[in-house]
Amino acid sequence: MNCAPLLAALVSLVMGFGGAEAQPPTTLCTGVQANSNNFKHTLVYVPGAVKVESVDLVSQQSGSPCTKGVSYGFVGPDVYVDKGCRAIFNACYIPGINQQITCSNEVTTSRRKCAMQISRSSTTT
């Protein structure tokens, strides 16, 4: 059986050569409330985000300064706040499914138990 035509079609589809131009990912924006309580570094997951592209201060709610790149910003699918910054932000992001997989150390019958979490809530470190 000659698989070359099938392989060529698959490569063409994956590489975006099938007559249709590859489209850049759609960017969506949403409001995000983030609070650095007790001056702790806090991550807030942007629901539906695979990657945050930008974050802008909309309404500061703390007496502590909110300075972009210092006490607020973004990393991966999260907005972060630090140093007592509390505010509402406009976060623009690339949407998609963000999966987090956690495995325990328990191994039974040569298999490891793992739980998959599709979305996350805010975390404080």
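Everything in this summary refers to the structure shown in the same document. (Residues numbered from 1 in each chain as written. Predicted model: local features only at pLDDT ≥ 70, side-chain atom pairs only at ≥ 80, totals over all residues. Heavy atoms only, no water.)

1. Examining the sheet that holds strand 1 (residues 28-35)
The pairing of strands in a sheet happens through backbone hydrogen bonds and is either parallel or antiparallel. For clarity, the cut-off: Pairing between strands requires that DSSP locate at least two bridges from one strand to the other. Only DSSP runs of H or I reaching four residues or more are called helices, and only runs of E reaching two or more are called strands; each is numbered from the N terminus. Fitting a line to C-alpha atoms yields each axis, with helices limited to the stretch in contact; the angle taken between N-to-C directions then spans 0 to 180 degrees.
Spatial ordering of the open sheet is given by 1-6-3, a layout of 3 strands whose pairing is antiparallel. Looking at the sheet topology across the chains shown, the edges are occupied by strand 1 and strand 3 (49-60). Direction aside, the axes of adjacent strands within the sheet are offset by 30 degrees on average. Sheet topology places strand 1 next to strand 6 (residues 86-95); 8 bridges connect them, and they run antiparallel. When the sheet's bridge partners are listed, Val 32 is paired in strand 6 with Phe 89.

2. Notes on the pairing of strand 6
Bridge count for strand 3 against strand 6 is 9 bridges, and the pairing is antiparallel. Among the inter-strand pairings, Leu 57 is bridged to a residue of strand 6, identified as Phe 89.

3. Topic: the pattern of salt bridges
When their charged atoms lie close together, side chains carrying opposite charge are able to pair. Note the threshold: Salt bridge, as applied in this entry: a Lys or Arg side-chain nitrogen positioned within 4 Å of an Asp or Glu carboxyl oxygen. Working definition: with a 1.4 Å probe on protein chains only, accessible area under 20% of the residue-type maximum means buried, over 50% means exposed, and in between means partly exposed.
One pass over the full model with this rule turns up 2 salt bridges. Here Lys 51 and Glu 53 are joined by a salt bridge, their closest N and O atoms 3.6 Å apart. Take Glu 53: its relative accessible area is 35%, and that puts it in the partly exposed class. A salt bridge links Asp 56 to Lys 68, with the nearest nitrogen and oxygen atoms 3.2 Å apart. One end of the pair, Asp 56, is in strand 3; the other, Lys 68, is in the loop between strand 3 and strand 4 (72-75), with 12 residues separating them in the sequence. Asp 56 gets classed as partly exposed once you look at its relative accessible area, which sits at 36%. Owing to a relative accessible area of 47%, Lys 68 belongs among the partly exposed residues under this scheme.

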